[in-house]
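The lines below spell out each chain.
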Amino acid sequence: MNKKRILTGIRPTGALHLGHYAGALENWVRLQDEYECFFLIADYQVSDYADDIDTVRQAVFEIATDWLAVGLDPERSHFVIESLVPEHAELTIWLSWYVGLGRLQRNPTLKAEMDELESRSKDAVPVAFFTYPVMQVANILMPKANLVPTGEDQSPHVEMTREVARRFNRLFGEVFPEPDGLVGRVPRLVGVDGQAKMSKSLNNAIYLKDDAEIVTQKVMRMYTDPTRIHATDPGHIEGNPVFMYHDAFNPDKAEVQDLKERYVVGKVGDVEVKQKLALALNALMEPIRERRARYEAQPALVREALASGSGYAKRVAEQTMSEVRAALRLNYLG
Ligand code: TRP
């Protein structure tokens, strides 16, 4: 078996939502046959780790359960807890010599996160903020991944990984392939409140674990065309989150087209448009819920997926690190 490899991951900060699904998870599920996949839970990279260890611990299992629920398959793919493979830390130290601080500070994703911290206090930015993107590079290079499917926000990190791989190979000999990025069908999903991004911290997410009733409630309260007061007013589709979700998740394209045509001329109310969206979302989510229920009833299976995946990843990491050490000529004592 000589399949190309995928490594991708997520920080354990909470349950997964539809933004994760359309931006990344869908691709992960689809690519499991074609690639050998490493799905990483990046616990070294949680910025408020000390504040809430219980949340992180809970999120590790919540995410693994979400993964199983959407159809990631531990028989084919490896579920990895980052800190159970401490080789990631060692590789990060070596690679951190080959990432310029200026280069890092121009990384837009990092910049946004840092601005947010600095708005609280200058001293609030820990050194790990500069090393975590390097660790993400180490995560990707460790299994010599060829492809990194993520949401749009992670693309700058993948680009950096390519640069570091090139630089390392030039200095020390060919060790790492240069990975490609792959962004999902919906690179950035708007929140139910109309904000640019669905996110836990913005409190505007529909979670994969939400039951049908909650999903319907969230949809019925969704932000829509603010200029429309009566169902007979002509509505706007452009920039309307309800229609963005229809486009993203309703497989019945004829229904969506019909709703749009009636909406712009004031011949359909928001209620009907939202009801149809709730139905489409719940149809998509029902099989996910069924699989989740099965795994929630057998937590030992979740644990087992994490244990076997992390064990396998550790062996792969040991192999890569022996090549890295040879390339760096760390064999001082023969
Ligand atoms: N930084 C990613 C996030 O915030 C998580 C992550 C860690 C990751 N290591 C990775 C993603 C390696 C892709 C590849 O979600």
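Calculation criteria
Residues numbered from 1 in each chain as written. Predicted model: local features only at pLDDT ≥ 70, side-chain atom pairs only at ≥ 80, totals over all residues. Heavy atoms only, no water. Axes fitted to C-alpha atoms, helices over the stretch in contact; angles between N-to-C directions. Helix = DSSP H or I, 4+ residues; strand = E, 2+ residues; numbered from the N terminus. Parallel < 35°, antiparallel > 145°, perpendicular 65-115°, else oblique. Left-handed = near helix turned anticlockwise from the far one by under 90°. Contact = heavy atoms within 4.5 Å. Nonpolar A, V, L, I, M, F, W, Y, C, P; charged D, E, K, R; others polar. Near = heavy atom within 4 Å. Polar contact = N/O pair within 3.5 Å; in protein donor to acceptor, adjacent residues only side chain to side chain. Areas by Shrake-Rupley, 256 points an atom, 1.4 Å probe, with all protein chains shown as cover. Core = buried A, V, L, I, M, F, W, Y, C linked by side-chain atoms within 4.5 Å. Buried < 20%, exposed > 50% of the residue type's maximum accessible area, 1.4 Å probe, protein only. Domains from an automatic or database assignment. 1 Å grid on protein atoms, 1.4 Å probe; cavity = no way out; pocket = protein on both sides within 12 Å on 5 of 7 lines; lining within 4 Å. Points joined across faces, edges and corners; volume = space filled by probe spheres on them. Phe/Tyr/Trp six-rings, centres within 6.5 Å; stacked < 30°, edge-to-face > 60°. Lys NZ or Arg CZ within 6 Å of the ring centre and 35° of its normal.

Engineer: Could you clarify how one ought to interpret the packing of helix α6 (residues 128–141) against helix α7 (residues 155–172) in this entry?
Structural biologist: If you want to describe how two helices pack, look at the angle between their axes and the distance between the axes. At a closest axis distance of 9 Å, the pairing of α6 and α7 adopts a crossing angle of 70°. Here α6 is positioned roughly perpendicular relative to α7, judged by the angle of their axes. Along this stretch, α6 crosses α7, giving a crossing that reads as right-handed. Side by side, α6 and α7 meet where Y132, P133, V134, Q136, V137, I140 and L141 of the first sit next to H157, M160, T161, V164 and A165 of the second. In terms of residue class, the contact of α6 with α7 is built from 9 nonpolar, 3 polar and no charged.

Engineer: Even after reading the chapter, I still don't get the site of the ligand, so can you show me in this structure?
Structural biologist: Close to the ligand lie 14 residues; G9, R11, Q136, N139 and Q154 are nearest. Between the ligand and the protein, one listed contact pairs a nitrogen atom with a side-chain N or O atom of Q136 at 2.8 Å. The side chain of N139 places a nitrogen or oxygen atom 2.8 Å from a nitrogen atom of the ligand. Considering the ligand on its own, with 370 Å² of exposed area, one finds that the protein chains cover 93% of that surface. The set of elements that each furnish at least two residues to the shell around the ligand consists of β1 (5–10), α6 and β4 (147–150). Sort the elements by how many residues they give to the shell around the ligand and β1 lands first, with 4 residues.

Engineer: I tried to follow the nonpolar core on my own but got confused; where do I start?
Structural biologist: One recurring pattern in soluble globular proteins: nonpolar side chains tend to sit buried together. Ranked by internal contacts, the top residues of the largest apolar core, which has 56 residues, are L18, W67, I206, Y245 and L281. When residues of this core are sorted by domain, at least three fall in each of domain 1 (5–189 + 299–327) and domain 2 (212–292). With sequence-adjacent residues up to four places away left out, W67 is seen in contact with I10, L16, L25, W28, F39, L40, I41, L72 and F79. Counting residues in each nonpolar core, the second largest holds 38 residues, with F38, V80, L117 and A327 among its members.

Engineer: Can you walk me through empty space enclosed by the protein in this structure?
Structural biologist: To locate leftover empty space, one rolls a probe as large as a water molecule over the atoms. This structure, assessed with the given rule, holds 1 cavity of 30 Å³ or more. A volume near 60 Å³ is recorded for the largest cavity. Forming the walls of the largest cavity are L7, F38, L40, V80, V85, H88, N139, M142, P143, A313, V316 and A317. Elements represented by at least two residues in the lining of the largest cavity include exactly β2 (36–41) and α12 (299–327). It is α12 that provides the largest number of residues to the lining of the largest cavity, a total of 3 residues. Here the residues of the lining of the largest cavity sort into 10 nonpolar, 2 polar and no charged.

Engineer: Any chance you could explain the packing of aromatic side chains here in plain terms?
Structural biologist: Taken as a whole and assessed by the stated rule, the structure comprises 12 aromatic pairs. On the basis of an interplanar angle of 70° and a centroid distance of 6.4 Å, the ring pair of F39 and F79 is categorised as edge-to-face. Of the two residues, F39 sits in strand β2 while F79 sits in strand β3 (residues 78–81), which places them 40 residues apart along the sequence. An identical accessibility class is assigned to F39 and F79; each is buried. Seen from their ring centres, W67 and F79 are 5.3 Å apart, and the 80° between their planes marks the pair as edge-to-face. Remark: F79 occurs in strand β3 and W67 occurs in helix α2 (residues 53–70); sequence separation between them is 12 residues. According to the relative accessible area criterion, W67 is buried, its value standing at 0%. Aromatic rings pair up to connect W28, F39, W67 and F79 into one cluster. Here R11 stacks its cationic end above the ring of Y132, 4.6 Å away from the centre of that ring. It is R228 that lies over the ring of Y263; its NZ or CZ is 4.1 Å from the centre.

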